Structure formats: structure tokens, C-alpha cells
Amino acid sequence: MTPMNAVPDRVFLLDVDNTLFDNDRLQADLRHHLTNTLGAEGNQNYWQRYEDLRSRFGYADYLGAVQALRQPGRNDLLLPGISRFLLEYPFSDAVFDGALAAIEHLANWGRPVILSDGDAVYQPHKIRGAGLAEAVDERVFIYVHKQHMLAQIERAQPARHYVMVDDKLALLTAVKQAWGSRVTTIFVRQGHYALDSAGNARYPSPDLTLEHIGELAQWQPARTAPGGL
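1. A look at the overall build of the protein chain
Here is step 1 of the chain: Along the protein chain, the regular secondary structure elements total 11 helices and six strands.
Here is step 2 of the chain: The C-alpha atoms of the protein chain give a radius of gyration of 19 Å, which matches the 17 Å a tight globule of 229 residues would have.
Here is step 3 of the chain: Taken along its principal axes, the extent of the C-alpha atoms in the protein chain is 65 × 40 × 30 Å.
Here is step 4 of the chain: A total of 229 residues make up the protein chain; the buried ones form 46% of that total.
Here is step 5 of the chain: Within the protein chain, residue pairs in contact and separated by at least 24 positions form 64% of the contacts whose partners lie at least 6 positions apart.

What follows is the structure, given as C-alpha cells:
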């Protein structure tokens, strides 16, 4: 454990969606709920608005897409149920097996921190509801594009070495290019981004690849970081 206010040897930057939390499962459940509530066309319309908002703002906005569906006098009575589904979703059930144990184990080697992309309303709600905020002692950072916020992350969470854990190889590559040997990149092959072999083929290999987040509960520094960091 690292004493309070001391600069730790390591800070672990842990992604959320499809790294600690099964976001593909949430989306599948939402698609099912949307189809049952609004029909197949309504489900398609929701995801079109979701993609429109993501293209415009750079992050997923599930609740914003619900609002964008609103047609006064036509679907006012249906949309609150969709918002309720999103807000009351059993987030803790979708935390990957072994994720909390991995966080607890990493705390023996440094300071675990959640570093996520997302909106400023639903993403923190999800992280807290899943029990992940508590697991990292409320050290939660949410940005639009976290790979562009590295200087701010360094100021907020200084460390001698960083270990970044993510399901997106493109993001790990960008951070490796920026920080070089100061970061160990760990790629977790969970979720549709991680399993996109064709898309990932354009990027160099990370420092370590895991098939499941639970494997981090066996992580040893000397095996994965330059100089045993």
C-alpha cells in the first residue's frame, strides 16, 4: 500500500467499458428493452440518434439519445420507462468476474485509478452503481478523449510509472507513443473492439495481452514493465 500523499511507484489506469464492466451486455439488454417498448423501428431510431450524438460530441450519451427520440404527444409515455431502465440497470451484475479482485490485488503494487471516456452524467452513475468507484476509493476520472488528457492525468495522479489497462488497442498505442517507457500497456481481449482482429492488426503489440480482466489478480510487476517497475 502507498502512504497517503506519497508518489506511488505505479498508478494503474483502468478503463471501464468492456475492461472492468461488460458494456456489450448492457447494450444487448438495452436493445432488447427498446425493441419490446418501441418496436424494431424504434430500436433502430434510438441507435441512430446515439451514433449521431457520439459523432457530434465524441462520447456515448445513452440518456441524450433517449431525449433525442422525444416526439411530444406521440411517445411521451414510453420514454420515461427507457430512462428508468438505464438508470436502474443492475450495474453490479455486469462487472466482469474477477474485476474487483484484480483491483484489490493491484492496490498491493500501486494505486488503482479509473480512467474512462464518457458523458458527465450516465458514465459516473454507472461506475458508482457498479461498485467500481468504491473499489478505487473514488479515484475516478472521466474525459471525452482520455488519450488527449495525459498531462492533466500526470498532475492529478503523479507516479514513477504508469500501467494502462484497456480493451482498445488504438488507445493503448497512442498512450505508448506519448509516454514511451514510462507506461506499461495491458490489452484485455474483451468486447467487440478488442476482438476486432482486422481493425487491431494495424497497431503494434502491447506490452502484455490478457484474455480476461481476472488475470490481473495474478499480475507481477517484473513480468510486465520495463526494469521491473
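2. A short note on the nonpolar core
Here is step 1 of the chain: In terms of nonpolar packing, the biggest core is built from 44 residues, with Phe-21, Leu-30, Tyr-46, Tyr-62, Leu-132 and Leu-216 touching the most fellow members.
Here is step 2 of the chain: Counting residues per element, this core draws most heavily on helix α1 (residues 23-57), which supplies seven residues.
Here is step 3 of the chain: In this structure Leu-30 touches Tyr-46, Trp-47, Tyr-62, Ile-82, Phe-85 and Leu-86, once residues within four positions along its chain are discounted.
Here is step 4 of the chain: Ranked by size, the runner-up nonpolar core spans 19 residues in total, among them Ile-153, Met-164, Val-175 and Phe-187.

3. Quick look at the sheet that holds strand β2 (residues 111-117)
As a general point, the strands of a sheet are linked pairwise by backbone hydrogen bonds and lie either parallel or antiparallel.
Here is step 1 of the chain: What the six strands build is an open sheet, ordered β3-β2-β1-β4-β5-β6; its pairing is parallel. Both outer strands of the open sheet, β3 (140-143) and β6 (208-210), are each paired with one neighbouring strand and no more. Each strand of the sheet is rotated relative to its neighbour by a mean of 20°, with strand direction disregarded.
Here is step 2 of the chain: Bridge count between strand β1 (residues 10-14) and β2: four bridges; the pairing is parallel. The residue bridging Phe-12 from the neighbouring strand is Pro-112, located in β2.
Here is step 3 of the chain: Of the strands in this sheet, β1, β2, β4 (161-166) and β5 (183-188) touch helix α8 (residues 169-179), which is tilted by about 175° from β5.

4. Notes on α8
Here is step 1 of the chain: The complete set of buried residues in α8 reads Leu-169, Leu-171, Leu-172, Thr-173, Val-175 and Trp-179.
Here is step 2 of the chain: Elements in contact with the buried residues of α8: β1, β2, α7 (150-156), β4, β5 and α10 (197-200).
Here is step 3 of the chain: Positive phi shows up at Gly-180, right after α8, with a value of about 60°.

5. Digging into α1
Along an α-helix, residues three or four positions apart point the same way, because every turn accommodates 3.6 residues.
Here is step 1 of the chain: An ideal rise of 1.5 Å per residue puts 51 Å on 35 residues; α1 reaches only 20 Å between its terminal C-alpha atoms.
Here is step 2 of the chain: Approximately 125° is the largest bend angle found in α1, and it occurs at Leu-38.
Here is step 3 of the chain: Considering only its buried residues, α1 is in contact with α2 (62-68), α3 (79-87) and α5 (122-129).
Here is step 4 of the chain: The backbone nitrogen of Asp-24 lies 3.4 Å from a side-chain oxygen of the residue at the head of α1, namely Asp-22.
Here is step 5 of the chain: Count one or two residues on from α1 and you reach Gly-58, which has phi positive near 95°.

6. Considering the side chain of Asp-119
Here is step 1 of the chain: Tracing the backbone shows Asp-119 in the loop between β2 and α5.
Here is step 2 of the chain: Buried within the structure, Asp-119 lacks any salt-bridge partner; Lys-126 is the closest side chain of opposite charge, at an N-O distance of 7.2 Å.
Here is step 3 of the chain: Within the structure, the side chain of Asp-119 is placed 2.9 Å from the backbone nitrogen of Val-121, a separation counted as a polar contact.
Here is step 4 of the chain: Of the polar contacts made by the side chain of Asp-119, one reaches the backbone nitrogen of Tyr-122; its length is 2.6 Å.
Here is step 5 of the chain: In this structure Asp-119 touches Tyr-59, Ala-60, Asp-61, Pro-124 and Ile-142, once residues within four positions along its chain are discounted.

7. Considering the packing of aromatic side chains
Here is step 1 of the chain: For the coordinates displayed, the defined rule picks out 12 aromatic pairs.
Here is step 2 of the chain: Between Phe-21 and Phe-91, the ring centres sit 6.4 Å apart and the planes meet at 45°, which makes this aromatic pair tilted. One end of the pair, Phe-21, is in the loop between β1 and α1; the other, Phe-91, is in the loop between α3 and α4 (99-106), and 70 residues separate them in sequence. As far as the burial class goes, Phe-21 and Phe-91 line up, both buried.
Here is step 3 of the chain: Between Tyr-50 and Tyr-62, the ring centres sit 5.2 Å apart and the planes meet at 50°, which makes this aromatic pair tilted. Taken together, the positions of Tyr-50 in helix α1 and Tyr-62 in helix α2 put the pair 12 residues apart, joining distant regions of the chain.

8. A look at the packing of α1 against α3
Here is step 1 of the chain: Between α1 and α3, the shortest axis-to-axis distance is 10 Å and the interhelical angle comes to 140°. Judged by the inter-axis angle, α1 sits oblique to α3. As α1 runs across α3, the sense of the crossing is left-handed. On α3, the residues touching Asp-29, Leu-30, His-33, Leu-34, Thr-37, Leu-38 and Tyr-46 of α1 are Gly-81, Ile-82, Phe-85 and Leu-86.
Here is step 2 of the chain: Within the contact of α1 with α3, the residues separate by chemical class into seven nonpolar, three polar and one charged.

Rules used in this analysis
Residues numbered from 1 in each chain as written. Predicted model: local features only at pLDDT ≥ 70, side-chain atom pairs only at ≥ 80, totals over all residues. Heavy atoms only, no water. Helix = DSSP H or I, 4+ residues; strand = E, 2+ residues; numbered from the N terminus. Rg over C-alpha atoms; globule rule 2.2 N^0.38 Å. Buried < 20%, exposed > 50% of the residue type's maximum accessible area, 1.4 Å probe, protein only. Contact = heavy atoms within 4.5 Å. Core = buried A, V, L, I, M, F, W, Y, C linked by side-chain atoms within 4.5 Å. Pairing = 2+ DSSP bridges. Axes fitted to C-alpha atoms, helices over the stretch in contact; angles between N-to-C directions. Expected span 1.5 Å × (residues − 1). Bend = angle between axes of the 7 residues up to and from the residue. Polar contact = N/O pair within 3.5 Å; in protein donor to acceptor, adjacent residues only side chain to side chain. Lys, Arg positive; Asp, Glu negative; His and termini not counted. Salt bridge = Lys/Arg side-chain N within 4 Å of Asp/Glu carboxyl O. Phe/Tyr/Trp six-rings, centres within 6.5 Å; stacked < 30°, edge-to-face > 60°. Parallel < 35°, antiparallel > 145°, perpendicular 65-115°, else oblique. Left-handed = near helix turned anticlockwise from the far one by under 90°. Nonpolar A, V, L, I, M, F, W, Y, C, P; charged D, E, K, R; others polar.

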